[in-house]
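Understanding the architecture of this molecule
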Amino acid sequence: MVKMRMMVLLLSVMMVNVLLMDAMVESTAEFDPYKVLGVTRSASQAEIKKVYKRLAKEWHPDKNKNPEAEDMFIKITKSYEILTNEEKRASYDRYGQTDNTHPYGRGHHGFRHFHDNFYFDESFFHFPFNNKGGRDFADSKYTLHFNQYISEVVPDSFKRPYLIKITSDWCFSCIHIEPVWKETVQELETLGIGIGVVDVGYERRLANHLGAHQTPSFLGVVNGKVAFFHYAVVKGHLMQFVEDLLPQRLVEKVTDKNNQEFLKSWHELNKPHVLLFDQVPSVPLLYKLTAFAYKDYVQFGYVDQGLSETADLLRKFNINTYAPTMLVFKEDVEKPADIIQAKGMKKQIIDEFISNNKFLLAPRLVNQKLFDELCPVKQFHRRRKYCVLLITGEEESFATGNEAFLSLASANTNDVLRFAYVYQRRQQPLCDVLLKNKDSTLPQVVILERRNGAGKILYKPVSGGWNGSKEDKHKLLEELERLQKDPSILNNDAVLPELNNEFTSMFLIRWIYTAYDYLAEIIDDLLHNNCSRPPKKNFVEVTELTDITYTSNLVKLRPGHINVVLVLTDPTKNILLSKFAKEVYSFTGSFTLHFSFLNVDKHGEWMAAVLEYAQDAMQIDTDEDEAGSRKLDYTGYVLALNGHKKYLCLFKPVYTGEDLDSKPEEEGGGSRSRKGTTRSRSTTLQIHHKLDRLGLWMERLMEGTLPRYYVPAWPGLDKITVNK
């Protein structure tokens, strides 16, 4: 009887495992990289690369609005990664899978040999690990892959912190911490904190990139930087870890003594100020997160209602101590522009409140980003937006007119109109375009409408200037009333340059370098007054990136140093180097920047190999010609290469110059030699203008706001075949 039962049990085990194997094979067959790319198993690397570029462009989520585009794009990228890696491709051809489709081992789907033709699957015993589809708490909702982390999580971490769990199907300890993880995530999500899960068995590349080498582990990401959690896994510790990720002094403690100083700084910072009144002594985490998300727009302060030093503030603004209260102040520091009060204040309510009060009534245009948001480009499906711009000065003599303009802006109730002002001295290029007459007296009011993202506007200066008199106000109001009825009164057009960033850290960095050079020269003069010394450099030192300089200038570049590499060809070398030197000269004071050039005629394959990791930026340039092939023109590209951290930033040239071919030929200039000269000058001019926006790109590089494309390993320059 016992033998019969054992036989029945053994047969049951065998039948279940057969079913499990069938299910696993069926699951594996669902993803076939050859079918995804539509290539045969004998396809060459060139064929795979060509098909991938076409499909990546077709299915990129930014271009394709199909709901399935993102999933398809991920499959295409995954297929390309498998089929262009010899080891992974061989593994898939042999076993129907790759090494990174299972965790920490080289077994296949968790099976091990039990007998010659019998496999044993530990999932038969219903272990909670090694079961990707049946994980507790639906971790798949938060699963991250490498491209998603680079393109979504890192940029988003400048607005909110992320808590990421590193796990695997074979992680026994992960089972025990799952309840803590679940409870913590539920609370953090309500606060708006980003959550991620990385399975090292399926995303080993991302785990290595993050530096996560054991499971389970937790890490936080904020402002693109990674920090690891090193304490006992309990909810309180994880919550405190996330709070500690945030920068210090996001929220200023405000009392009766410093409240006026805090509120009156609106003019210097060009931001509204928000005060939160609450009874708890420490700033709530939700409020800190809000301050971090809106740090570029609003200044935040916190008032502890339990302190005797805040009693005057509570009386002054008639604060109800039984519920949290939030006040927003703009140009008027005595009267709040808006107020909200609610018990258990939720994130959605706070976000809506802050979003509706992000700007002053008449803010100063201090950078292009603020201009884009205040005065958006006209959209066909939206109402027109008009910007009423005061061009003025910051001297005391302009104060009366500036206050009158603010008074008019404060009375405005028309959401179609946006009031703003600029200081002429700080935004000289913009003012030169709007004030065609260089002798125009300030202040001056201009009404404008933005027509496209390239800077084109329609505008009309209000005649007579602006001094804030009743006549000036009446004249401006009449013009605005006419504009509502007849938009064609904006009868001037122009192309505006990009605004200077008045608050960028670059100004401080340049000042420090200038001061350093100045002090160094003084000290040198004092110490070596009678000694001759070499003159200060007035040029940019640019070295060629070759197989000899490659290791020192890139592979073994010191941590924190970046090599800015200009890509050129033999015919364009002199033109581009000259322009490159002019654009980067102001950045040569930085000891962490190095400048090189790469001849793409010699090292075209190296260039293509490196840019394979910047497909999101490159794919718009992969159009094919009628013959089915097209060689990319890399001339004028600039790469910022961080050899230590293995990433690059990419500058792609944008031609903004004037095309000489579009000009009519001069009389008598119809000869063949004349046409040839004109065509040659036009080509030279276009090449010269490829680097027109490089200076702005360099500023963003120094600010750390450029997209980064990570490279697993730098390809050897000496191993690349020279193009013939």
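Residues numbered from 1 in each chain as written. Predicted model: local features only at pLDDT ≥ 70, side-chain atom pairs only at ≥ 80, totals over all residues. Heavy atoms only, no water.

The line we're drawing: UniProt positions are given in the numbering used here, feature names are shortened, and annotations may be inferred rather than shown by experiment.
An unreviewed UniProt entry annotates the protein chain as DnaJ homolog subfamily C member 16 of Cyprinus carpio carpio. UniProt lists a comment for the protein chain under the heading Subcellular location (unreviewed entry), and it reads "Endoplasmic reticulum membrane". The annotation that UniProt attaches to the protein chain under Function (unreviewed entry) is "Plays an important role in regulating the size of autophagosomes during the formation process."

Section: the pattern of salt bridges
The criterion, for reference: Salt bridge, as applied in this entry: a Lys or Arg side-chain nitrogen positioned within 4 Å of an Asp or Glu carboxyl oxygen. Secondary structure follows DSSP: runs of H or I at least 4 residues long count as helices, runs of E at least 2 residues long count as strands, and numbering of each begins at the N terminus. Relative accessibility under 20% of the residue-type maximum defines a buried residue, over 50% an exposed one, and the middle range a partly exposed one, all with a 1.4 Å probe and only protein chains included.
Per the counting criterion, the structure on display carries 23 salt bridges. Among the salt bridges present, the one from E544 reaches K602, with a minimum N-O distance of 3.6 Å. Here the residue E544 occupies a position in strand β17 (residues 543-544), and K602 occupies one in helix α22 (residues 600-611), the gap between them amounting to 58 residues. Residue classification places K602 among the partly exposed positions, given a relative accessible area of 35%.

Looking at the state of the cysteines
Put simply, the rule reads: We call a pair of cysteine sulfur atoms a disulfide when they lie within 2.5 Å.
In this structure the tally under the stated criterion is one disulfide. Sulfur-sulfur distance for the disulfide between C375 and C387 comes to 2.3 Å. Taken together, the residues span a long stretch of sequence, with C375 in the loop between α15 (368-374) and β12 (386-392) and C387 in strand β12 at a distance of twelve residues. By relative accessible area, which is 1% here, C387 ends up buried.

Some points on unusual backbone geometry
At the junction of T215 and P216, the peptide bond is cis and its omega measures out at -5° in the coordinates. In this fold, P216 is placed in the loop between α8 (204-210) and β5 (217-222). Positive phi, close to 60°, is recorded for R249, a residue that is not glycine. Counting through the fold element by element, R249 comes out in the loop between α9 (235-245) and β7 (251-253). Residue R249 is classed as exposed on the basis of its relative accessible area, which comes to 78%.

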